[in-house]
There are 2 protein chains.
Amino acid sequence: MKISKEKNTRNSNHYGAEILCIGSELLLGNIVNTNAKWLAEQLAILGIPHFRQTVIGDNSFRLKEAILESSNRAEILITTGGLGPTPDDITTKVIAETFNTKLEERSDILIDLNNKLQHKESRLSESQKKQSLVPKGSKIINNSTGTAPGIIWSPKNGFTILTFPGVPSELKEMWLKEGAQWLINNNFSKKKISSKVLYFTGISESTLADKIPHLLEKNNPTVATYASTGEVKVRITAKGDNLNETSKLIKPIEQELIKLTGLKCYGEDNETLEQLVFNLLLKRNETIAVAESCTGGGIGSKLTRIPGCSKIFHGGIIAYNNSIKQEILDVPEEIINKFGAVSKEVVESMAKGVHKKFKVNWAISVSGIAGPNGGTKLKPIGLVMFCIKSPKTLITWEKRFGSNKTREDIQKLSVLNALDRLRLSILMES
Amino acid sequence: MKISKEKNTRNSNHYGAEILCIGSELLLGNIVNTNAKWLAEQLAILGIPHFRQTVIGDNSFRLKEAILESSNRAEILITTGGLGPTPDDITTKVIAETFNTKLEERSDILIDLNNKLQHKESRLSESQKKQSLVPKGSKIINNSTGTAPGIIWSPKNGFTILTFPGVPSELKEMWLKEGAQWLINNNFSKKKISSKVLYFTGISESTLADKIPHLLEKNNPTVATYASTGEVKVRITAKGDNLNETSKLIKPIEQELIKLTGLKCYGEDNETLEQLVFNLLLKRNETIAVAESCTGGGIGSKLTRIPGCSKIFHGGIIAYNNSIKQEILDVPEEIINKFGAVSKEVVESMAKGVHKKFKVNWAISVSGIAGPNGGTKLKPIGLVMFCIKSPKTLITWEKRFGSNKTREDIQKLSVLNALDRLRLSILMES
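Residues numbered from 1 in each chain as written. Chains lettered and ligands numbered in written order. Predicted model: local features only at pLDDT ≥ 70, side-chain atom pairs only at ≥ 80, totals over all residues.

**Q** Could you give an account of the overall build of chain A, naming the residues involved and the relevant values?
**A** Helix and strand counts for chain A come out as 17 helices and 17 strands. Relative to the compact-globule value of 22 Å for 430 residues, chain A shows a C-alpha radius of gyration of 28 Å, a clear excess of over 25%. The principal-axis extents of the C-alpha atoms in chain A amount to approximately 85 × 55 × 45 Å. Counting the 430 residues in chain A, one finds 49% classified as buried. Sequence separation of at least 24 residues holds for 66% of the intrachain contacts in chain A that already meet a minimum separation of 6. (Helix = DSSP H or I, 4+ residues; strand = E, 2+ residues; numbered from the N terminus. Rg over C-alpha atoms; globule rule 2.2 N^0.38 Å. Buried ≥ 20, exposed ≤ 12 C-beta atoms within 10 Å, placed from the backbone. Contact = placed C-beta atoms within 7 Å.)

**Q** How would you sum up the environment of S206 of chain B? Please name residues and give values.
**A** Residues and elements named next belong to chain B. Note that S206 resides in helix α9 (residues 205–211). Residue class for S206 comes out exposed when judged on the 11 C-beta atoms lying within 10 Å of it. Put simply, S206 and A74 are 132 residues apart on the chain and 38 Å apart in space, counted from C-alpha to C-alpha.

**Q** Explain the sheet that holds strand β12 (residues 265–268) of chain A residue by residue, including any values.
**A** Residues and elements named next belong to chain A. One open sheet accounts for 4 strands, arranged β10-β11-β9-β12; its pairing is antiparallel. Both outer strands of the open sheet, β10 (222–228) and β12, are each paired with one neighbouring strand and no more. Each neighbouring strand pair of the sheet contributes to a mean axis angle of 25°, computed without reference to strand direction. As paired elements, β10 and strand β11 (residues 231–240) share 7 bridges and run antiparallel to each other. (Pairing = 2+ DSSP bridges. Axes fitted to C-alpha atoms, helices over the stretch in contact; angles between N-to-C directions.)

**Q** Before we move on, can you summarise the nonpolar core with the specific residues and values?
**A** Counting 214 residues, the largest nonpolar core has M350 and V354 of chain A together with M350 and V354 of chain B as the members making the most contacts within it. If we ignore the near neighbours within four places in the chain, the residues touching M350 of chain B are A291, A319, K325, L329, V331, S365, S367 and C387 of chain B. (Core = buried A, V, L, I, M, F, W, Y, C linked by C-beta atoms within 7 Å.)

**Q** Describe the sheet that holds strand β2 (residues 50–56) of chain B, with residues and values.
**A** The strand order β6(A)-β7(A)-β8(A)-β3(A)-β1(A)-β2(A)-β2(B)-β1(B)-β3(B)-β8(B)-β7(B)-β6(B) describes an open sheet built from 12 strands, whose pairing is mixed. Because the sheet does not close on itself, it has two edges, and the strands there are β6 (139–141) of chain A together with β6 (139–141) of chain B. Taken pair by pair, the neighbouring strands of this sheet meet at an average axis angle of 20°, ignoring direction. Pairing analysis gives 3 bridges linking β6 of chain B to strand β7 (residues 150–156) of chain B, with the strands arranged antiparallel. Directly across from I141 of chain B, in β7 of chain B, lies its bridge partner G150 of chain B. Along the sheet, helix α3 (residues 34–46) of chain B makes contact with β1 (17–22), β2 and β3 (76–80) of chain B, crossing β1 of chain B at roughly 160°.

**Q** Lay out the domain arrangement of chain A with the relevant residues and their values.
**A** Put simply, an interface is often sized by how much accessible area is lost when its parts join up. All names here are of chain A. Each assigned domain of chain A is listed here: domain 1 (2–185), domain 2 (192–268) and domain 3 (273–429). Between domain 1 and domain 2, the C-alpha centre-to-centre distance is 34 Å. With 4 residues of domain 1 in contact, the opposing surface of domain 2 contributes 6 residues. Tallied by class, residues from the side of domain 1 that touches domain 2 come to 1 nonpolar, 1 polar and 2 charged. (Domains from an automatic or database assignment. Nonpolar A, V, L, I, M, F, W, Y, C, P; charged D, E, K, R; others polar.)

**Q** For the packing of helix α12 (residues 273–284) of chain B against helix α17 (residues 407–429) of chain B, give the residues involved together with the corresponding values.
**A** All names here are of chain B. Relative to each other, α12 and α17 sit at 30°, their axes nearing to 9 Å. In this view, α12 runs roughly parallel relative to α17, as classed from their interaxial angle. Between α12 and α17 lies a crossing whose hand is left-handed. Here α12 contributes L273, E274, L276, V277, L280 and L281 to the contact with α17, which in turn contributes L416, L419, D420, L422, R423, I426 and L427. A breakdown of the residues in the contact of α12 with α17 according to their chemical character gives 10 nonpolar, no polar and 3 charged. (Parallel < 35°, antiparallel > 145°, perpendicular 65-115°, else oblique. Left-handed = near helix turned anticlockwise from the far one by under 90°.)

**Q** Explain the interface of chain B and chain A residue by residue, including any values.
**A** The interface is formed by 81 residues belonging to chain B together with 80 residues belonging to chain A. The class makeup of the residues in the side of chain B that touches chain A is 31 nonpolar, 36 polar and 14 charged.

**Q** Residues and numbers for the confidence of the model for chain A, please.
**A** Should pLDDT be low for a region, the predicted coordinates there are not to be read in detail. All names here are of chain A. Averaged over every residue, the pLDDT of chain A is 90; residues scoring 70 or more account for 96%. Low pLDDT, under 50, characterises residues 1–12; the stretch is placed with 21 contacts to residues that sit more than four places away or in other chains. Here the predicted complex scores 0.75 on pTM and 0.75 on ipTM. (pLDDT = per-residue confidence, 0-100.)

**Q** Describe helix α16 (residues 344–357) of chain B, naming the residues involved and giving the relevant values.
**A** Residue and element names in this part refer to chain B. Here α16 contains 14 residues, and its C-alpha end-to-end distance of 20 Å stays within 8% of the 20 Å for a straight helix at 1.5 Å per residue. Of all 14 residues in α16, 10 are buried, a share of seventy percent or more. All buried positions along α16 are accounted for by V346, V347, E348, S349, M350, A351, G353, V354, H355 and K357. Positive phi shows up at K359, right after α16, with a value of about 50°. (Expected span 1.5 Å × (residues − 1).)

**Q** Account for the environment of L43 of chain B, naming residues and giving values.
**A** Residues and elements named next belong to chain B. Residue placement: L43 occurs in helix α3. L43 gets classed as buried once you count the C-beta atoms within 10 Å, which come to 26. On a C-alpha basis, the gap between L43 and I161 in space is 14 Å, while along the polypeptide they are 118 residues apart.

**Q** Tell me about the pairing of β3 of chain B, residues and numbers included.
**A** Residue and element names in this part refer to chain B. Among the 5 residues in β3, 5 count as buried, and that is most of the element. Of the two faces of β3, both are covered, the one formed by I76, I78 and T80 as well as the one formed by L77 and T79. In this structure, β1 lies alongside β3, joined through 5 bridges in parallel fashion. When the bridges of β3 are listed, L20 appears paired with T79. Bridging between β3 and strand β8 (residues 159–164) involves 5 bridges; their strand directions are parallel.

**Q** Just give me the short version of unusual backbone geometry, but keep the residues and values in it.
**A** A cis amide bond links N220 of chain B with the next residue in sequence, P221 of chain B, at an omega value of 0°. Here P221 of chain B is to be found in the loop between α10 (213–216) and β10 (222–228). A positive phi angle is found at D330 of chain A, which is not glycine, with a value near 60°. In this structure, D330 of chain A sits in the loop between α14 (322–327) and α15 (333–339). The class for D330 of chain A is partly exposed, based on 14 C-beta atoms found within 10 Å. The residue K359 of chain A is not glycine, and still its phi comes out positive at about 50°. When you line up the elements, K359 of chain A lands in the loop between α16 (344–357) and β15 (362–368).

**Q** Requested: an account of the environment of M428 of chain A, with residues and values cited.
**A** All names here are of chain A. Mapping M428 onto the fold places it in helix α17 (residues 407–429). Taking the number of C-beta atoms within 10 Å as the measure of exposure, M428 has 11 and is therefore exposed. Distance in space between the C-alpha atoms of M428 and T393 is 9.4 Å, their sequence separation being 35 residues.

This is the structure we're talking about:
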């Protein structure tokens, strides 16, 4: 990506921002570091380049080491955690020690602490008072929802530390009210960075990458791919002086990507497949029902996530047991006996059954072998059959997700594939 | 914490493990670093001290810098991300370059890649082949669910790198199947730390914590609580010379916890509510079906996650639309008109309907207001009705999850509550 390459050519040791999260609970794996993600996002919004995140426990030796290292690389160090009143809260003290600076008691913080705690305690304890000690020359970041304030302090030329509490709600409020503004006022927010994410399904990450080598090499905007189960995400990130400029950079790349991949690209930014199916059906004023075997209700449950889904989603039959396929979905017993429950004939009959019973425009059915047992040479684990029926459409297809996949993956891939083909089938009728 | 203090007194520069997560998407704040948390937890379980986590983007200069630094501090470096086929996947190449080592093409990986991709592509593309290049002398960590393998490689005396993909499911499987075992076999796991996790539902974290202040203060074992949507986890962690010693420390605490909380504790370690329902029904040789409205198939889909669930789970009706409740589940129209779709009368009728149609021993039904619209003063968002029916049992109940909850949370809480009451109802018949 572009911001990375700049650094290589600059070879300056003093550039961009780093995030340092402090707390042994992070090293023990007790909590997920959502603060780092949130701060990284905020830095991207401000267009402040951000090159490294570090997590250190409540240990002064190692914390000092990490702060010193950052001060030799970055212009800005943002810390979270370790500002509270207990003995394991050592951030402010260690920052001061790292740059051989004394702490001073700030009467404005003491007054503020007294005000905040007056309903709770008669007077400040020694550990509470600790929160009023900051390095000489610090600017205070007020904490209106908690007790511990943060600081903005430049221990040396060209290097500034901003400290925040580890409690996410306090961090966010302090950042949004004061931290971000300070960075803008002091000209750290120079270029704007904006991103667009496109979502793809029905294509592997490597096949997609092979189609767009020239885009992956670009500098501004940069294009990067990320794979997850059944989906590939492509992020286009542009840097410019304003949002108008970045969107002008992103647009042609987005169009080229869509041209090269066609309908494999199903959505952008936070769109989901189920949301797209919902939008398409709502626009056509049509309804849908499901008949699920190996997914056990997974497609229905995805569609039900959408607020207002009752306008398009009537419900469905979870026909896990063959007797249910016969008795509730009217799949003829002889078809199951002749072709097996995982067959094109059975999914077609399932789709027709639910289509008729639920009086809907669209029906989708799934039956497959999710494993870990039940696979044969002809019908291995990972083989899944699907059918979509509407007044104008009747398609059945099979997918072989591979017998190396877990039961959960096969179920998840089946739900995604069903929703994707549904989207394409509705589009084709439009 | 103990392990931090140890380091201070040792002052050796070569100790413990570090985690290095690679990917610009982490620095852009696109995703939360759940891999670091999961690995940190795994290291704690193995009793391997862990002192630092670092995140670096897809940039070879800075990645090299970070790897070199770690090699001067730690014995073990665990990396995630950057093993895939695209140009921004640079981890293996940069690791080799950092220690001036050449990459070699491994035919065993090539064969494996060919096997995995044979149904999808005719032959390996250049970018796919890249995944078979590893530093000379590496041991391979097989990736059975994805394509990119990891490596275990010691570029210098006393320092070993283990690489894993960034896709969480692949990382976890590779760690559990091979990575952890390698660390144990090579004596990195010295002091044994073992943990037992108990799962609770139907009790809040603070109510639970108020019952066990004396346990939360303990040193060995330590007791800690973690809350997530609808569930509370209590982890008991003991440290000792061997597993016999740690289990002797854990046992009495576990018993006391269960005594203090009774049936609120539903399972231990990796047990899920759906697994427990499955076990109970299998033992009794009984079957179940579902009738779901606001959960849209969520209960069915959870039960279908269990391998072999066909022995107990017959299927169900997703009755999202009222017409389906009437026509497929035989809920009388006048009941819906009189009491509303979210009422005890309707869920009772839904449960009876599916119980009869599916000829099962147990039936469970759900109907509620998941929001964000549709709430009234009498029936607010978050109100959910449930019914369980068996030949001996007929119970209906309501939950008010709170109108401040999201649609997704209300659906998730409804599924958990349904499965929990099912577990308790089956237990009460035993």
